[in-house]
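Next come the chains, spelled out residue by residue.
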Amino acid sequence: FFLMIRRPPRSTQSRSSAASDVYKRQIMTRVMESYQPNVIVMQSGADSLTEDRLGQFNLTTHGHSQCVKFMLGFGVPIMLIGGGGYTIQNVSRCWTNETGVALNIDLDDNIPMHDYRENYGPDYKLHINARPTMEDMNKPDNLNKIVQTAIENLRNIEFAPGVCIHHVPKGIIDDAEFFFGIDDKMDDNKMVDERDKGGKGILISKVEKMEF
């Protein structure tokens with residue numbers, strides 16, 4: 001199951017915790033209750049941090065890591081992976097901090113001496129502060145609407161145990177060269193049975209040419 005939730009609009013630090021609570025506790029708790037996953041893959045994109053060159057959000061590294069901490073609280077094995085983030089120094093700050101959160105280690109806010117420390121001046125701190133002048137666009141009515149829509153959608157989707165994952169039989173697609181060269185051997189109007197030397201193969205009705 002894959003879930004992408006739209007991030008809340010940009011906000012000031014003073015009210016961003018309320019928006020974060022709406023998303024974390026109401027939506028993700030319902031997701032976990034419904035799907036009961038055996039493992040979580042969490043993409044920790046950092047373009048929502050304040051001062052990102054592309055994103056227009058205002059999260060601090062503290063606020064960002066609270067999402068990771070919340071998901072860890074379910075006690076389900078979790079794989080953390082990276083994502084967006086276009087102010088490189090802050091991406092490094094974010095993922096370093098969240099590695100500490102995942103390992104239950106409190107990291108010192110003072111960045112230690114190393115070859116690239118000069119990139120983190122002038123304060124040389126692990127954590128960053130939100131811009132207090134940014135307009136808070138997390139309006140309660142809008143947040144409530146997002147939550148209600150998400151929960152209603154969850155009611156209409158099949159939940160646990162859901163559809164089991166099945167192993168793909170060996171030999172179905174085990175050769176990239178065979179896969180990409182297949183339209184040279186087939187007639188669009190006929191079923192084609194392509195077999196390898198071992199006698200295994202795949203039955204194909206029609207494959208539309210894909211350009212990469």
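Worth saying up front: this structure is predicted, and the values here are computed from it rather than measured. (Residues numbered from 1 in each chain as written. Predicted model: local features only at pLDDT ≥ 70, side-chain atom pairs only at ≥ 80, totals over all residues. Heavy atoms only, no water.)

As for the overall build of the chain
Now for step 1: The helix and strand inventory of the chain stands at five helices and four strands.
Now for step 2: Secondary structure elements in the chain, listed N-terminal to C-terminal, are α-β-α-β-α-α-α-β-β.
Now for step 3: By residue count, 31% of the 212 residues in the chain fall in the buried class.
Now for step 4: Contacts in the chain between residues far apart in sequence, at least 24 positions, make up 68% of those at least 6 positions apart.
Now for step 5: In the form shown here, the chain has an accessible surface area of approximately 14,900 Å², with 54% of it arising from carbon and sulfur atoms. (Helix = DSSP H or I, 4+ residues; strand = E, 2+ residues; numbered from the N terminus. Buried < 20%, exposed > 50% of the residue type's maximum accessible area, 1.4 Å probe, protein only. Contact = heavy atoms within 4.5 Å. Areas by Shrake-Rupley, 256 points an atom, 1.4 Å probe, with all protein chains shown as cover.)

What to know about the confidence of the model for the chain
Now for step 1: Confidence in the prediction for the chain averages 76 pLDDT; 64% of positions are at 70 or higher.
Now for step 2: Averaged over each element, pLDDT in the chain is lowest for strand β4 (residues 201-204) (39) and highest for helix α3 (residues 88-102) (96).
Now for step 3: Contacts of residues 1-16 to residues separated by more than four positions or lying in other chains number 48 contacts, the stretch itself having pLDDT below 50.
Now for step 4: Residue range residues 175-212 is modelled with pLDDT below 50. Its contacts to residues more than four positions away, or to other chains, number 38 contacts. (pLDDT = per-residue confidence, 0-100.)

Digging into the packing of aromatic side chains
Now for step 1: According to the stated counting rule, one finds one aromatic pair in the structure shown.
Now for step 2: With a centroid separation of 5.3 Å and 90 degrees between ring planes, the pair formed by Phe 70 and Phe 74 is classed as edge-to-face.
Now for step 3: On the basis of relative accessible area, Phe 70 is assigned to the buried category, the value being 16%.
Now for step 4: Here Phe 74 falls in the partly exposed class, since its relative accessible area comes to 29%.
Now for step 5: Sitting above the plane of the Tyr 124 ring, Arg 117 keeps its charged end 4.3 Å from the centroid. (Phe/Tyr/Trp six-rings, centres within 6.5 Å; stacked < 30°, edge-to-face > 60°. Lys NZ or Arg CZ within 6 Å of the ring centre and 35° of its normal.)

Here's the deal with α3
Side chains of residues three or four places apart in an α-helix project in the same direction, reflecting 3.6 residues per turn.
Now for step 1: Over its 15 residues, α3 extends 21 Å from the first C-alpha to the last, a length consistent with the 21 Å expected when each residue adds 1.5 Å.
Now for step 2: Where α3 is concerned, the buried positions are Asn 90, Val 91, Arg 93, Cys 94, Asn 97, Glu 98 and Gly 100.
Now for step 3: Following α3 by one or two positions, Asn 104 has its phi on the positive side, about 60 degrees. (Expected span 1.5 Å × (residues − 1).)

What about unusual backbone geometry?
Among all residues save glycine, negative phi is the norm, and among peptide bonds the norm is trans.
Now for step 1: Going from Gly 121 to Pro 122, the amide bond is cis rather than trans, its omega being 5 degrees.
Now for step 2: Mapped onto the elements of the fold, Pro 122 is located in the loop between α3 and α4 (140-155).
Now for step 3: For Glu 51, which is not glycine, the phi torsion reads 70 degrees and is therefore positive.
Now for step 4: Relative to the helices and strands, Glu 51 is located in the loop between β1 (40-43) and α2 (61-72).
Now for step 5: Phi is positive for Asn 104, which is not a glycine, with a value near 60 degrees.
Now for step 6: Here Asn 104 lies in the loop between α3 and α4.
Now for step 7: Asn 104 gets classed as exposed once you look at its relative accessible area, which sits at 72%.

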